[in-house]
Amino acid sequence: MRLEEKVAIVTGASRGIGKAIAVGLAREGASVVLAARSEIARADGLAGTIHETATAIEELGGKVLPVKCDVTDEASVTAMVKTAMATFHRIDILVNNAGVAFFYPIAETPLKRWETVLKVNLTGAFLCARAVLPLMADQKSGSIINISSLAADERDGGTVPTGVAYAVAKAGLDRFTWGLAVEAGKHNIAVNCLKPKQPVDTEGMRFWTTDGERNGWASADKMVKCGVFLAAQDASGVTGTVATDEELSLWHGL
Ligand SMILES: NC(=O)c1ccc[n+]([C@@H]2O[C@H](COP(=O)([O-])OP(=O)(O)OC[C@H]3O[C@@H](n4cnc5c(N)ncnc54)[C@H](OP(=O)(O)O)[C@@H]3O)[C@@H](O)[C@H]2O)c1
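In short, a report on the structure. (Residues numbered from 1 in each chain as written. Predicted model: local features only at pLDDT ≥ 70, side-chain atom pairs only at ≥ 80, totals over all residues. Heavy atoms only, no water.)

### What to know about the overall build of the chain
Argument step 1. The helix and strand tally for the chain stands at 8 helices and 7 strands.
Argument step 2. Taken over the C-alpha trace, the chain has a radius of gyration of 17 Å; the compact-globule value for 254 residues is 18 Å, and the two agree within 12%.
Argument step 3. Seen through its C-alpha atoms, the chain measures out along the principal axes to roughly 45 × 40 × 35 Å.
Argument step 4. Counting over 254 residues, the chain shows a buried share of 50%.
Argument step 5. The contacts of the chain with a sequence gap of at least 6 include a subset with a gap of at least 24, amounting to 71%.
Argument step 6. Working note: accessible area of the chain is about 12000 Å², and carbon and sulfur atoms make up 53% of it.
Argument step 7. The average position of the 26 basic charges and that of the 29 acidic charges among the side chains of the chain differ by 3 Å. (Helix = DSSP H or I, 4+ residues; strand = E, 2+ residues; numbered from the N terminus. Rg over C-alpha atoms; globule rule 2.2 N^0.38 Å. Buried < 20%, exposed > 50% of the residue type's maximum accessible area, 1.4 Å probe, protein only. Contact = heavy atoms within 4.5 Å. Areas by Shrake-Rupley, 256 points an atom, 1.4 Å probe, with all protein chains shown as cover. Lys, Arg positive; Asp, Glu negative; His and termini not counted. Charge placed at Lys NZ, Arg CZ, Asp CG, Glu CD.)

### Looking at the environment of glutamine 233
Argument step 1. Within the secondary structure layout, glutamine 233 lies in the loop between α7 (221–231) and β7 (242–244).
Argument step 2. Relative accessible area serves as the criterion here: at 14%, glutamine 233 is assigned to the buried category.
Argument step 3. Between the C-alpha atom of glutamine 233 and that of isoleucine 93, which follows or precedes it by 140 residues, the distance is 9.3 Å.
Argument step 4. Excluding residues within four positions of it along the chain, glutamine 233 makes contact with Gly142, Ser143, Ala190 and Val238.
Argument step 5. Within polar-contact distance, the side chain of glutamine 233 engages the backbone oxygen of phenylalanine 229 at 3.0 Å. (Polar contact = N/O pair within 3.5 Å; in protein donor to acceptor, adjacent residues only side chain to side chain.)

### Re the nonpolar core
Here is a general trend for soluble globular proteins: nonpolar side chains tend to be buried in one another's company.
Argument step 1. Of all hydrophobic cores here, the largest spans 35 residues; its most connected members are Leu25, Val32, Leu34, Ile57, Val95 and Leu194.
Argument step 2. Elements with a minimum of two residues in this core: β1 (7–11), α1 (16–27), β2 (31–36), α2 (50–59), β4 (93–96), β5 (142–147) and α7.
Argument step 3. Among the elements that take part in this core, α7 stands out by supplying 7 residues, more than any other.
Argument step 4. In contact with leucine 25, not counting residues within four places along its chain, are Leu3, Ala8, Val10, Ala30, Val32, Val95, Gly227, Val228 and Ala231.
Argument step 5. In this structure, Val7, Val33, Ala98 and Ile189 belong to the second largest nonpolar core, which totals 31 residues. (Core = buried A, V, L, I, M, F, W, Y, C linked by side-chain atoms within 4.5 Å.)

### As for the side chain of threonine 162
Argument step 1. Here threonine 162 shows up in the loop between β5 and α5 (164–185).
Argument step 2. If we ignore the near neighbours within four places in the chain, the residues touching threonine 162 are Ala101, Phe102, Phe103, Ala151 and Gly157.

### Points about the sheet that holds β7
Argument step 1. Pairing within the open sheet is parallel, and its 7 strands lie in the order β3-β2-β1-β4-β5-β6-β7. Each having just a single partner strand, β3 (64–68) and β7 make up the two edges of the open sheet. Geometrically, the sheet is characterised by an average inter-axis angle of 20° between neighbouring strands, direction not taken into account.
Argument step 2. Pairing geometry for β2 and β3, over 5 bridges, is parallel. Paired with alanine 35 across the strands is valine 67, a residue of β3.
Argument step 3. The sheet strands contacting α5 are β5, β6 (189–195) and β7, and the helix crosses β6 at an angle near 165°.
Argument step 4. Here helix α8 (residues 245–252) sits on the sheet and contacts β6 and β7; the angle it forms with β7, its principal contact strand, is near 95°. (Pairing = 2+ DSSP bridges. Axes fitted to C-alpha atoms, helices over the stretch in contact; angles between N-to-C directions.)

### Considerations on the layout of surface pockets
In this approach, a probe sized like a water molecule rolls over the atoms, and the result shows the empty space that is left.
Argument step 1. Taken as a whole, the second largest pocket holds about 210 Å³ of empty space.
Argument step 2. Along the wall of the second largest pocket there are 13 residues; nearest its centre are Gly29, Ala30, Gly61, Gly62 and Lys63.
Argument step 3. Partitioning the lining of the second largest pocket into residue classes produces 4 nonpolar, 4 polar and 5 charged. (1 Å grid on protein atoms, 1.4 Å probe; cavity = no way out; pocket = protein on both sides within 12 Å on 5 of 7 lines; lining within 4 Å. Points joined across faces, edges and corners; volume = space filled by probe spheres on them. Nonpolar A, V, L, I, M, F, W, Y, C, P; charged D, E, K, R; others polar.)

### Re the packing of aromatic side chains
Argument step 1. Following the criterion strictly, the structure yields 3 aromatic pairs and no others.
Argument step 2. Between the aromatic rings of phenylalanine 102 and tyrosine 104, the centroid separation amounts to 4.9 Å while the plane-to-plane angle is 40°, which identifies the pairing as tilted.
Argument step 3. Using a relative accessible area of 11% as the deciding quantity, one classes phenylalanine 102 as buried.
Argument step 4. Note on phenylalanine 207 and tryptophan 208: the rings are 5.3 Å apart at their centroids and 85° apart in plane angle, and the pair reads as edge-to-face.
Argument step 5. The exposure class of phenylalanine 207 is partly exposed, given its relative accessible area of 31%.
Argument step 6. The exposure class of tryptophan 208 is exposed, given its relative accessible area of 51%. (Phe/Tyr/Trp six-rings, centres within 6.5 Å; stacked < 30°, edge-to-face > 60°.)

Encoded structure:
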């Protein structure tokens, strides 16, 4: 097991890619903190809670701590990291996975939606990274993984149109990765950005699309493999990379 004795925080771990990566890290021996808002099933039918993910990890014999957390709320992030430290006493890995999209054109995007998309995808990553950086610096190692999207790169609206606010937030997350990798490198902390090459079949994606739009979707398996690989890095290994799961798999034989 590659991540024994390590402690990971995964944001947006109540469903989808975050849940899959959290389970994947636990399979490699990491203790995992699950940070998301859903503690009980949502009334609108969007499946997944932090407690369901915790049960899946416990069934594998893993150590897990579900903590209700809104990544857009500074106090909530601070409290989540404090609870994680009180339980596991160190943080080695942060996966900034929490994300939301708003699928409408700019002309139909209310200011509140624009702000929410930027806050969850970008400001949330900043708040979580800032909260764990001093702890990782004290430990003289760490790995931060930002989950981004090809929406940041595609200029034609993309294969799954996710809205410009989302693309802007993810482009910001890519740039945040490079900047943070430079700053955190001196403390032996790796910072990388991982994006799926193909749309990944998740509860969230299914909720917002129809059957006809789901051709060519992938499972989260490759994202999990790459997530585990990046989680094992520090600044002496792979850092400052913004890559798709396909690229990373090719480059490193995953
Ligand atoms: N699926 C794809 O094809 C695809 C492609 C490119 C990039 N991505 C990126 O991959 C990540 C996961 O995508 P997904 O498809 O798995 O999404 P998903 O199924 O919709 O799950 C999104 C997760 O983010 C959490 N979240 C949303 N707002 C939050 C907040 N304010 N605080 C804490 N957690 C919050 C949700 O938890 P709660 O609602 O419980 O808070 C949920 O666990 C996202 O960053 C997404 O942009 C996905």
